[in-house]
Amino acid sequence: NMGAGKRYPFGPTCQYNGIEVPCLTYCSPGGGISGEILVMILKKFDELKLVPRDNGVLPFLLIDGHISRLDPSFLEYINGEGHKWKVCLGVPYGTSLWQVGDSEQQNG
C-alpha cells in the first residue's frame, strides 16, 4: 500500500522542534545498518538542522557497539568540522542490557 500510485506514496513523517522529518528508509546487502547508512542518516539530520548547534553543544548519539560503527566513513563524518557529533558506543552484543526503551517494564 506504499509507493507511487498507491494510497500512501511515502513513509510517515513526524514533527520535531517544528521541523518536518521525513521517513528515512535504507537497506544494505547484509540487512544491517552500515557505516554508510549511519552517515546518510546523520547528514539528513544535519541538513534539517534538527539539533541546534549555535550554543556550542554537540548533538549526542547513543548506538550499539557493533563493528560497523567503526567504519571509516562514519568516524570521519562524526569528527568532521561543521558536523561533529558526540557518539557513545554501547557494549557490543549487550544491546538487550542497555538499549533505551527495550525493557520488559516498557514493552510488556
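Student: Would you mind going over unusual backbone geometry with me for this structure?
Tutor: Most peptide bonds are trans, and most residues other than glycine sit at a negative phi. The residue N17 is not glycine, and still its phi comes out positive at about 50°. Here N17 falls in the exposed class, since its relative accessible area comes to 59%. Even without being glycine, K49 reaches a positive phi, approximately 60°. Structurally, K49 can be placed in the loop between α1 (35-48) and β3 (60-63).

Student: Honestly, a nonpolar patch on the surface in this entry has me stumped. Any pointers?
Tutor: On the surface, I67, L70, L75 and L89 cluster together into a nonpolar patch covering about 350 Å² of accessible area. As for its placement among the helices and strands, I67 is situated in the loop between β3 and α2 (72-78). The exposed category is assigned to I67, whose relative accessible area is 62%.

Student: So what exactly am I meant to see when it comes to the pattern of salt bridges here?
Tutor: Should the charged atoms of two oppositely charged side chains come close, the side chains can pair. Counting across every chain of the model gives 4 salt bridges. Among the salt bridges present, the one from K44 reaches E47, with a minimum N-O distance of 3.1 Å. Taken together, the residues span about one helical turn, with K44 and E47 both in helix α1 at a distance of 3 residues. A relative accessible area of 22% places K44 in the partly exposed class. On the accessibility criterion, E47 (56% relative accessible area) is exposed.

Parameters at a glance
Residues numbered from 1 in each chain as written. Predicted model: local features only at pLDDT ≥ 70, side-chain atom pairs only at ≥ 80, totals over all residues. Heavy atoms only, no water. Buried < 20%, exposed > 50% of the residue type's maximum accessible area, 1.4 Å probe, protein only. Helix = DSSP H or I, 4+ residues; strand = E, 2+ residues; numbered from the N terminus. Patch = residues over 30% accessible without salt bridge, like charges linked within 9 Å, V, L, I, M, F, W, Y side chains within 5 Å. Areas by Shrake-Rupley, 256 points an atom, 1.4 Å probe, with all protein chains shown as cover. Salt bridge = Lys/Arg side-chain N within 4 Å of Asp/Glu carboxyl O.

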